[in-house]
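Here is how the chains run, residue by residue.
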Amino acid sequence: MITLTHYVVVSALLFVFGMFAVLTRRNAIAILMGIELILNAANLNFAAFSKYVVGGVQGQMIAVFVIVLAAAEAAVALAIILDIYQKVGTISPDETRELKG
Amino acid sequence: MTPLDNLSSLQHYIPDAALASFAVLIVIVDLFARGRSKVVVGVLSIAALAVAGALTLWMPHTGERLFYGMARQDGLAQTFKLVIVGCAAVTLLVSLRTQEVAERLRGEFFALMLFATYGMFLMVSASNLLIAYLGVELASISSYILAGFLANQSRSSEAAFKYVIYGSVASGVMLFGVSLLYGMAGTTDIALMGERLASAHPLALTIAVVFLFAGVGYKIASVPFHMWSPDVYEGSPLPVTAFLSVASKAAGFGLTLRIFRDGLGAEELLASVDWPLFLALLSAVTMTVGNLAAMGQKNVKRLLAYSSIAHGGYLLMGIAALGSSDSSAPTAAILFYLAVYLFMNLGAFFVVMHLAEPSRLGSEEMPAYRGLIRRSPALAIVMSVFLFSLIGLPPFAGFWGKLYLFKSVVDASLVEGGVNGHNFVWLVLLAMANSAISLYYYFAVVKAMLLDRGEEETPVKAHPAFALVLLILFLPTLLLGFFTNVDDFRVDEAPEASASIMAEE
């Protein structure tokens, strides 16, 4: 029997994996994948809470909004990554050092 | 007040709807405009902002809850929208003739600015976290592209790159926080949430609030989410930098205010999540980090970027004070400060931008500013006034902004019970010490301009149109403190959660 706890644990794990990828990866594409994991962790939460706690379809609806936004964000992020690869030749946030962050 | 349905909401949503339709219209007009007629696109964009601003100003904002409670048109939203639209309009005005943005890309540039502005409108009028998140994303995604708009400069691409990475992580974490709050409260309505969260587990609630703050904290460049801001500000085209440092920050504060005042301000909630203390500590670190980092800067644009982090820290102090029994005084102080900040910070950035043009100084570095008073007395004096105002020296507007903000925090601390049991007078003392630190680096620029002798003596002339824009920013910086005061910025009270909302579902 799958309960709410299962969903929340999976979503927490997804979030932690995503955060781990964001913090440790040296490649912008991998970081983007980590961000996707974080967003989908939230989506899973929305859907699960909607079904088990709240009722109605509000949560699922929010998840649909988030999926659309994630696609838009990924499109812009990939375009920017492509742009910087053409100019600098690397897509590691640590190696782009013209601005001394 | 019961939420209105979609049709009857529209008449209260005319300013925002006008802005959004203009933004779409500009994309279409830009497709057909060629060569000289590209000017039409710029003029149309500024007209769009003027229309949206005028409608926002004249339409009564009485706190209607629109679209089944998704957005609120209240005095708070109105004031924030005026700051944002004002900033966008002035920015577009100066970017009409900036050489930084290529001629053929101007149309997209203007359209993206309008979309970002509309995203910020959504943020400050959101009364539902879903709309808040959509607003954050719309504003952010447009800003990512704007930051990378210098097609042939790698530093601009790098700015966009860092912005998009930091930004998407922050908004993703924010969304996860929203999903946790949704699970605990069963709703994403901000006001309703505050009421229902009282029984939630304190630890889970604290984690969710911290995650939620990641999103807005990144918008207002609060420590520890500030790392992007100096790089993005330095690498972006200067009009975009000015826009991000004022409008984006104002929108971030608008949303923060809504979340913490309307949503998390209930007393039962304060007992389980001590967010005033959390925000006070962040505020202390943010202003100190911003000021200390600004001290070593030799690039004036970067110096202003760090100082804008410090100003975010001062404003965060006002947000922390919202945890007191009277939230209207800190709210008014924050609004007044942002209105002042709009003029003085935009002014300082635009002078830097104008001087950086090749026909003038051609540089943003401090040594180039030496002896400016001999080359262009007017620009040197105007810039000095903007910087003095940013320090908070009387009688300039920045002084009044700081005075009211500090006073509201002290007042909130000294009433019975303080701010959720804390006394934040130490924070105000720290802010004063920080203002003294800021004196050092702002004054270094003033000294270079007024006292040092430069190698070059050739006069620098300001463009007449630009001089007019500067005058529009200069007069309020000089006089705002005398003609208005913080009481003019008092807006309606936070909504009573239980009374104002119909039972959902």
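Note that the coordinates shown come from a computational prediction; the quantities given were computed from them, not determined experimentally.

About the thresholds
- Residues numbered from 1 in each chain as written.
- Chains lettered and ligands numbered in written order.
- Predicted model: local features only at pLDDT ≥ 70, side-chain atom pairs only at ≥ 80, totals over all residues.
- Heavy atoms only, no water.
- Helix = DSSP H or I, 4+ residues; strand = E, 2+ residues; numbered from the N terminus.
- Rg over C-alpha atoms; globule rule 2.2 N^0.38 Å.
- Buried < 20%, exposed > 50% of the residue type's maximum accessible area, 1.4 Å probe, protein only.
- Contact = heavy atoms within 4.5 Å.
- Areas by Shrake-Rupley, 256 points an atom, 1.4 Å probe, with all protein chains shown as cover.
- Lys, Arg positive; Asp, Glu negative; His and termini not counted.
- Charge placed at Lys NZ, Arg CZ, Asp CG, Glu CD.
- Phe/Tyr/Trp six-rings, centres within 6.5 Å; stacked < 30°, edge-to-face > 60°.
- Lys NZ or Arg CZ within 6 Å of the ring centre and 35° of its normal.
- Axes fitted to C-alpha atoms, helices over the stretch in contact; angles between N-to-C directions.
- Parallel < 35°, antiparallel > 145°, perpendicular 65-115°, else oblique.
- Nonpolar A, V, L, I, M, F, W, Y, C, P; charged D, E, K, R; others polar.
- Salt bridge = Lys/Arg side-chain N within 4 Å of Asp/Glu carboxyl O.
- Polar contact = N/O pair within 3.5 Å; in protein donor to acceptor, adjacent residues only side chain to side chain.

Caption draft 1: Here's a closer look at the overall build of chain A. Per the secondary structure count, chain A includes 3 helices and 0 strands. For chain A, the sequential pattern of α-helices and β-strands runs α-α-α. In terms of overall dimensions, chain A is more spread out than a globule: its C-alpha atoms have a radius of gyration of 17 Å, far above the 13 Å expected for 101 residues. Each principal axis of the C-alpha distribution contributes one length, and for chain A these read about 50 × 25 × 20 Å. A burial count over chain A gives 41% of its 101 residues as buried. In chain A, once contacts between residues fewer than 6 apart in sequence are set aside, the share between residues at least 24 apart is 56%. For chain A, the exposed area adds up to about 5,400 Å²; of that, 71% sits on carbon and sulfur atoms. The positive charge centre, built from 6 side chains, and the negative charge centre, built from 6, are 6 Å apart in chain A.

Caption draft 2: A look at the overall build of chain B. Each helix and strand counted, chain B has 21 helices and 2 strands in total. Here chain B has a C-alpha radius of gyration of 22 Å; the compact-globule value for 505 residues is 23 Å, and the two agree. In terms of overall dimensions, chain B has a C-alpha envelope of 70 × 55 × 40 Å along the principal axes. Every one of the 505 residues in chain B was classed for burial, and the buried ones make up 65%. For chain B, long-range pairs separated by at least 24 residues make up 79% of all intrachain contacts whose partners lie at least 6 apart in sequence. Once the 29 positive and 35 negative side-chain charges of chain B are each reduced to a mean point, those two points are 13 Å apart.

Caption draft 3: Spatial organisation of the packing of aromatic side chains. A complete count under the given rule lists 27 aromatic pairs over all chains for this structure. Ring-pair connections join several aromatic residues into one group, and the members of that group are Phe 336, Phe 399, Trp 400, Tyr 404, Phe 482 and Phe 489 of chain B. Over the aromatic face of Tyr 52 of chain A sits the side chain of Lys 51 of chain A, whose NZ or CZ is 5.3 Å from the ring centroid.

Caption draft 4: Summary view of the environment of Ala 147 of chain B. Residue and element names in this part refer to chain B. Within the secondary structure, Ala 147 is located in helix 6 (residues 129-147). The spacing of Ala 147 and Lys 162 is 15 residues in sequence and 9.8 Å in space, taken between C-alpha atoms. Those residues in contact with Ala 147 that sit more than four places away from it in its chain are Ser 156, Ala 159, Ala 160, Tyr 163, Val 232, Gly 235, Ser 236, Pro 237 and Val 240.

Caption draft 5: Focus on the packing of helix 17 (residues 377-391) of chain B against helix 18 (residues 397-414) of chain B. Residues and elements named next belong to chain B. Between helix 17 and helix 18, whose axes approach to 6 Å, the crossing angle comes to 10°. The angle between helix 17 and helix 18 falls in the class roughly parallel. Contacts from Ser 389, Leu 390 and Ile 391 of helix 17 reach helix 18 at Ala 397, Gly 398, Phe 399 and Lys 402. A per-class count over the contact of helix 17 with helix 18 returns 4 nonpolar, 2 polar and 1 charged.

Caption draft 6: A look at the interface of chain A and chain B. Contact with chain A, which involves 44 residues of that partner, is made by 41 residues of chain B. Applying the counting criterion to the chain A and chain B interface returns 0 salt bridges. Seen at the junction of chain A and chain B, the total is 5 residue pairs in polar contact (both at pLDDT 80 or more). Secondary structure elements with two or more residues in the side of chain A that touches chain B: helix 1 (4-24), helix 2 (28-54) and helix 3 (58-88) of chain A. A total of 17 residues in the side of chain A that touches chain B trace back to one element, the largest contributor, which is helix 3 of chain A. The residue inventory of the side of chain A that touches chain B, partitioned by class, reads 30 nonpolar, 8 polar and 6 charged.

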